[in-house]
Amino acid sequence: MTQVRLTVNGKPVADDVPARLSLADFLRERRNLTGTHLGCEHGVCGACTVLVDGEPARACLMLAVACEGRDVRTIEGLENDKIVAALRQAFKEHHGLQCGFCTPAMLITARDLISRKRAGSDGEIRKGLSGNICRCTGYTNIVTAVGHAAKAVASGGGE
Amino acid sequence: MKAGAFDYVRPQSVAEAIELRSQSGRDSQFMAGGQSLVAMMNLRVAQPELVIDIGRLPELRAVSETADEVSLGSCVTHAAVEDGQVPDPSRGLMAKVAAGLAYRAIRTRGTLGGSLALSDPAAEWPTVLSALDAKVVLRGPKGERIVPCAEFTTGTYETKLAPDEILGSIRIPKLSAAARSGYLKFCRKSGEFASSMAVVVLDPQRGAARAVLGAANGAPLLLGRTSEALLAGRANAESLTGAIAADLDAAAAARRFDEFQRDLHAIIALRAALQVLA
């Protein structure tokens with residue numbers, strides 16, 4: 001066991017963790033933040049995407065013990081985020097989800113695309129979301145929703 | 001799956017990291033960004049007893065520049081290259097490559113040095129840095145040595161890195177203003193590992209031309225005749241097609257390309273080479 005201290009959704013956290021514990025399992029099982037989902041556990045499905053120091057990262061490919069001093073933000077910590085609010089509204093209006101398993105990470109990935117201005121066209125959005133797998137929707141409604149959210153943000157509906 | 005049990009240590013310097021690796025007497029692995037290693041550990045393909053986390057060492061994130069070359073620490077991330085946060089010796093080629101490498105959430109943590117040290121045949125940097133005629137600086141208990149990228153990767157997941165050495169930095173010559181480059185990667189889905197990849201760099205001012213094929217059943221494959229044809233200056237689609245075919249024929253026995261791979265490599269190499277002539 002090694003002690004790790006980090007910030008999760010703005011709050012300082014300290015815990016003793018085994019080296020093999022992934023950041024995703026740390027969030028889910030030690031912090032009860034179950035919005036971070038685990039699909040493939042080898043970096044392909046994207047369902048565990050969280051923000052580490054403000055940048056998207058695969059929580060299944062990070063060791064909790066290696067997150068000493070990091071600032072981690074999960075979907076639960078983005079409740080008051082303006083871009084995520086615009087995305088939630090757009091996903092609701094355009095039916096951008098069915099079962100919802102991929103949705104938290106879709107929102108985090110789409111938020112990053114919008115904040116880096118990489119959501120200007122359907123093609124750009126599709127490429128940007130290609131690391132997040134959805135097995136329900138066929139992606140069309142997700143891409144439409146992200147496009148609408150990007151426009152809403154650009155016109156002052158977001159940050 | 002989840003990784004098996006292992007010990008974890010985060011050394012404070014490269015010297016300490018090298019000492020840990022050579023002195024521990026256990027099966028250990030350096031971890032830079034962990035984007036391949038942790039995936040392999042989760043799949044239990046890799047089961048090190050000790051993980052030595054070098055990802056945050058400032059020495060391995062250092063960046064410097066002279067008139068002729070750029071030196072990038074091995075733990076510079078793909079995203080830093082994509083975003084232009086580090087000097088670019090390649091006039092845009094490296095940023096273009098980085099932007100198409102896996103996915104953003106991988107690029108923010110994965111590193112140039114990690115990609116080289118693993119040397120997956122389908123990975124971008126071994127092929128691209130070989131085409132750019134870059135060199136790696138390897139640091140070990142007895143000091144450092146410099147190896148050209150074209151020689152560093154020796155096969156599938158095989159490199160010249162000794163067990164007690166660490167990949168310190170990558171030195172990349174600056175392309176001249178007139179240099180041109182071509183890059184094409186073929187994969188079924190964006191962000192996947194390549195089925196074929198070709199990088200062509202033509203820099204007549206420096207007398208350099210290198211066409212290199214990746215995902216070629218082994219180390220990056222230098223297409224020698226194709227490179228010569230480009231440097232000779234009279235290349236066109238027809239002569240390049242012939243040169244690429246001759247290069248692939250010469251490598252066919254060693255690389256065991258099937259019919260699909262050979263056709264795919266031929267067309268990807270041609271299209272990358274034509275970008276240089278465009």
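See the structure above.
Residues numbered from 1 in each chain as written. Chains lettered and ligands numbered in written order. Predicted model: local features only at pLDDT ≥ 70, side-chain atom pairs only at ≥ 80, totals over all residues.

1. Points about helix α3 (residues 103-115) of chain A
All names here are of chain A. As a reminder of what qualifies: Note on conventions: DSSP H or I runs of at least 4 residues are helices, E runs of at least 2 residues are strands, and numbering of each starts at the N terminus. Here, expected helix span is obtained from the residue count minus one, scaled by 1.5 Å. Put simply, a residue is buried when 20 or more other C-beta atoms lie within 10 Å of its own C-beta and exposed when 12 or fewer do; between those, it is partly exposed, and each C-beta is set from the backbone.
The end-to-end C-alpha distance of α3 is 18 Å, a good match for the 18 Å that 13 residues give at a rise of 1.5 Å each. The buried count for α3 comes to 12 of 13 residues, which makes it a mostly enclosed element. By the burial criterion, the buried members of α3 are T103, P104, A105, M106, L107, I108, T109, A110, R111, D112, L113 and I114. Positive backbone phi, at 55 degrees, marks K117, one or two positions downstream of α3.

2. What to know about the environment of C102(A)
All names here are of chain A. Filter applied, for reference: Residue pairs qualify as contacts under a 7 Å threshold applied to their C-beta atoms, which are placed from the backbone.
By the element assignment, C102 lies in the loop between α2 (82-93) and α3. Sequence spacing of C102 and A24 is 78 residues, and the spatial spacing of their C-alpha atoms is 14 Å. If sequence neighbours within four positions are ignored, C102 has contacts with A47, N132, I133 and C134.

3. Things to note about the sheet that holds strand β2 (residues 11-17) of chain A
Residues and elements named next belong to chain A. Selection criterion: Whether two strands pair depends on DSSP finding at least two bridges between them. Axis definition: a line fitted to C-alpha atoms, over the contacting stretch in the case of helices. Angles run 0 to 180 degrees between N-to-C directions.
Spatial ordering of the open sheet is given by β2-β1-β5-β3-β4, a layout of five strands whose pairing is mixed. Single-partner strands in this sheet number two, and they are β2 and β4 (55-58). With direction set aside, neighbouring strand axes in the sheet form an average angle of 40 degrees. In terms of strand pairing, strand β1 (residues 2-8) meets β2 through seven bridges, oriented antiparallel. Directly across from L6, in β2, lies its bridge partner V13.

4. Notes on the interface of chain A and chain B
Often, the extent of an interface is quoted as the loss of accessible area upon association of its parts. Going by this rule: For this classification, the nonpolar set comprises Ala, Val, Leu, Ile, Met, Phe, Trp, Tyr, Cys and Pro, the charged set comprises Asp, Glu, Lys and Arg, and every other residue, Gly included, is treated as polar.
In this assembly, 24 residues from chain A lie in contact with 25 residues from chain B. For the side of chain A that touches chain B, the elements supplying multiple residues, two or more each, are β4 and α3 of chain A. Residue contributions to the side of chain A that touches chain B peak at four residues, all from β4(A). Here the side of chain A that touches chain B is composed, by residue class, of nine nonpolar, nine polar and six charged.

5. A short note on the pairing of strand β13 (residues 208-214) of chain B
Residue and element names in this part refer to chain B. Burial within β13 is extensive, with six of its seven residues counted as buried. Looking at chain direction, strand β12 (residues 196-203) and β13 are connected through seven bridges and run antiparallel. Across the sheet, the residue bridging to V199 is V212, located in β13. Here β13 runs beside strand β14 (residues 221-222); their pairing, made up of two bridges, is antiparallel.

6. Here we look at unusual backbone geometry
Despite not being glycine, K117(A) has its phi angle at roughly 55 degrees, a positive value. Relative to the helices and strands, K117(A) is located in the loop between α3 and α4 (122-128). Positive phi values are uncommon outside glycine, yet Y157(B) reaches one of about 55 degrees. Tracing the backbone shows Y157(B) in the loop between β8 (153-155) and β9 (158-159).

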